[in-house]
Amino acid sequence: MKIEDKVKLIVDALEDIKARDITVLDTTKLTSLFERMVIASGDSNRQTRALANNVREKVKEAGEHVGGMEGEDTGDWVLLDLGEVIVHVM
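Because the structure is predicted, anything quoted here is derived from the model rather than measured.

Trainee: Tell me about helix α2 (residues 45-61), and name the residues and values.
Mentor: Here α2 contains 17 residues, and its C-alpha end-to-end distance of 24 Å stays within 8% of the 24 Å for a straight helix at 1.5 Å per residue. Within α2, burial applies to Q47, T48, L51, A52, N54, V55, R56 and V59. Looking at the buried positions of α2, the neighbouring elements they touch are α1 (3-16), β2 (36-41), β3 (69-70), β4 (78-81) and β5 (85-89). After α2 finishes, the residue G63 shows a positive phi value of roughly 80°.

Structure below.
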């Protein structure tokens with residue numbers, strides 16, 4: 001899957017659960033660890049966890065790599081490692 005398609009899939013998954021302030025940053029010139037960073041906000045810890053879970057499920061359904069997920073227990077800030085894309089949900 002092309003990086004643009006993956007980012008669109010992630011943004012669509014965030015919009016499905018009504019994420020706010022979705023921002024996509026191109027990090028190719030800043031680091032070799034990942035190419036894009038997606039940042040989004042939720043209105044509560046419950047919504048933050050739901051947003052992260054929806055992104056993880058949609059990416060898995062598309063057959064893409066899903067790495068680690070941190071912060072799910074509290075839901076204050078959840079980090080998803082999706083290979084060339086990192087997702088921060090706060």
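Trainee: I'd like a description of the packing of α1 against α2, backed by residues and values.
Mentor: Contact geometry for α1 and α2: axes closest at 9 Å, N-to-C directions at 140°. Taken together, the axes of α1 and α2 are oblique relative to one another. In this structure, α1 crosses over α2, and the sense of that crossing is right-handed. Along its contact with α1, which presents K6, L9, I10, A13, L14 and D16, the element α2 presents L51, N54, V55, K58 and V59.

Rules used throughout
- Residues numbered from 1 in each chain as written.
- Predicted model: local features only at pLDDT ≥ 70, side-chain atom pairs only at ≥ 80, totals over all residues.
- Heavy atoms only, no water.
- Helix = DSSP H or I, 4+ residues; strand = E, 2+ residues; numbered from the N terminus.
- Expected span 1.5 Å × (residues − 1).
- Buried < 20%, exposed > 50% of the residue type's maximum accessible area, 1.4 Å probe, protein only.
- Contact = heavy atoms within 4.5 Å.
- Axes fitted to C-alpha atoms, helices over the stretch in contact; angles between N-to-C directions.
- Parallel < 35°, antiparallel > 145°, perpendicular 65-115°, else oblique.
- Left-handed = near helix turned anticlockwise from the far one by under 90°.

From the geometry alone we can't say anything about function, so treat these as descriptive.
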